[in-house]
Amino acid sequence: MTEIDAQTKLLGIIGWPVEHSLSPTMHNAAFAALGLNWVYLPLPVPPGQVEAALRGLLTLGFRGANVTVPHKEAVMPHLDSITEVAQAIGAVNTLVVGEGRLVGDNTDGAGFLAALQEAGFEPRGRRALVLGAGGAARAVAYALATAGAQVTVLNRTLSRTEALIQHLAPAVPPNSLSPRLLDRDALVEEAVRADLLVNATSVGMWPDAEHSPWPDELPLPSHLTVFDLVYNPPETRLLRQARRAGAQAIGGLGMLVHQGALAFRLWTGHSPPLEAMWTACERALTAGEAQNCPDAGSVV
Ligand code: ATR
């Protein structure tokens, strides 16, 4: 690792809590791999302190930061500008500092798409089911709809799905998103005609690892590609069900790495060392360092 000195460039992640975030491990591994004199710090910021924290980032000469739960929306009124994508998703996960100005961006949706495409799934013209209606679901539904997929968003609270769709509608192709209440009948009916199933709920995430959004007694269609945004545990119950059924199963680590890689490029201008980032996350997860991930979707 490069020695920290007066030239070291600063990055970090603001959230509450942030102790268990994998992002410091992932980005510091990337700097080490490329021999860059940058450092990435966990920055715990309690609710209500967001504006002060953002001022602090500027004052202390930070080059940027990630933003995670519960601040992804709270930072927005305090930024100098917000990219179109972050505006459309309605959340900021990446801050870039340029000439003393704070720009808010969102790499979650593009990170998800990169991971999906890396696994060989091209969304254009395909039917996708997104389970959940929180921030993670919003980023994923936006990414899929703008990439040309037909998306049904299912959530156990229908009003949240409707709010999600209303929010995204102006930014996605007309009629590319439809809402549906998440229950067994809907799941079975929709899954038969879908190509992709994405779990953007927190079901199955540590310490809830025994659960899956797919009921055990229902056969999971083998033609589906199943993407679980949960990366802790790396092998969720849903992924095991998918593999057992002969379906393609994709874990959440790829999205974590790709959203980080996109942010890394924005900050440093360097090509992100994906393999080093992936290995660092995997190692930290197996070592149990990140057992209590604050959520599955806000992947930083
Ligand atoms: P995030 O911003 O990370 O997506 P969130 O806003 O807390 O997190 O959203 C969590 C999602 O998981 C929600 O869609 C939630 O459903 P509700 O909107 O009905 O609360 C979903 N979820 C959590 N526990 C669930 C469960 N046991 N069954 C089904 N959905 C669940």
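Please read these numbers as outputs of a predicted model, since none were measured by experiment.

Asker: Can you help me understand the pattern of salt bridges in this one?
Answerer: As a working rule, side chains carrying opposite charge can pair if their charged atoms are close by. With the rule as written, the count across this model stands at eleven salt bridges. Residues Arg 126 and Asp 195 are paired through a salt bridge, measuring 3.6 Å at the closest nitrogen-oxygen approach. Remark: Asp 195 occurs in the loop between helix H7 (184–193) and strand E10 (196–199) and Arg 126 occurs in the loop between helix H4 (108–118) and strand E7 (127–131); sequence separation between them is 69 residues. Across the pair Glu 210 and Arg 237 runs a salt bridge, and its minimum N-O distance is 3.8 Å.

Asker: I keep staring at the sheet that holds E7 and nothing clicks. Help me out?
Answerer: The strands that make up a sheet are held in pairs by hydrogen bonds between backbone atoms, and each pair lies either parallel or antiparallel. With respect to topology, six strands assemble into an open sheet ordered E9-E8-E7-E10-E11-E12, the strand pairing being parallel. Lying at the two open borders of the sheet, with one neighbouring strand each, are strand E9 (177–181) and strand E12 (248–250). Strand after strand, the sheet turns through a mean of 20° between neighbouring axes, direction not considered. Where strand E11 (residues 225–228) meets E12, three bridges bridge the pair, whose relative direction is parallel. By the bridge assignment for E12, Phe 227 is matched with Ile 250. Lying on the sheet, helix H6 (residues 158–168) is in contact with strand E8 (150–155) and E9; it crosses E9 at an angle near 175°. Contacting E10, E11 and E12, helix H8 (residues 237–245) runs over the sheet at an angle of about 165° to E11.

Asker: Honestly, H8 in this entry has me stumped. Any pointers?
Answerer: Residues spaced three or four apart along an α-helix point in a common direction, a consequence of the helix completing one turn every 3.6 residues. The complete set of buried residues in H8 reads Leu 238, Leu 239, Gln 241 and Ala 242. Seen along its axis, H8 keeps its buried residues to an arc of 160°; they face one direction. Elements that come into contact with the buried residues of H8 comprise E10, E11 and E12. One or two steps after H8, the chain reaches Gly 246, where phi turns positive at roughly 85°.

So, how was this worked out
- Residues numbered from 1 in each chain as written.
- Predicted model: local features only at pLDDT ≥ 70, side-chain atom pairs only at ≥ 80, totals over all residues.
- Heavy atoms only, no water.
- Salt bridge = Lys/Arg side-chain N within 4 Å of Asp/Glu carboxyl O.
- Helix = DSSP H or I, 4+ residues; strand = E, 2+ residues; numbered from the N terminus.
- Pairing = 2+ DSSP bridges.
- Axes fitted to C-alpha atoms, helices over the stretch in contact; angles between N-to-C directions.
- Contact = heavy atoms within 4.5 Å.
- Buried < 20%, exposed > 50% of the residue type's maximum accessible area, 1.4 Å probe, protein only.
- Arc of directions from axis to C-beta.

Functional significance is not addressed by these values, which are geometric in nature.
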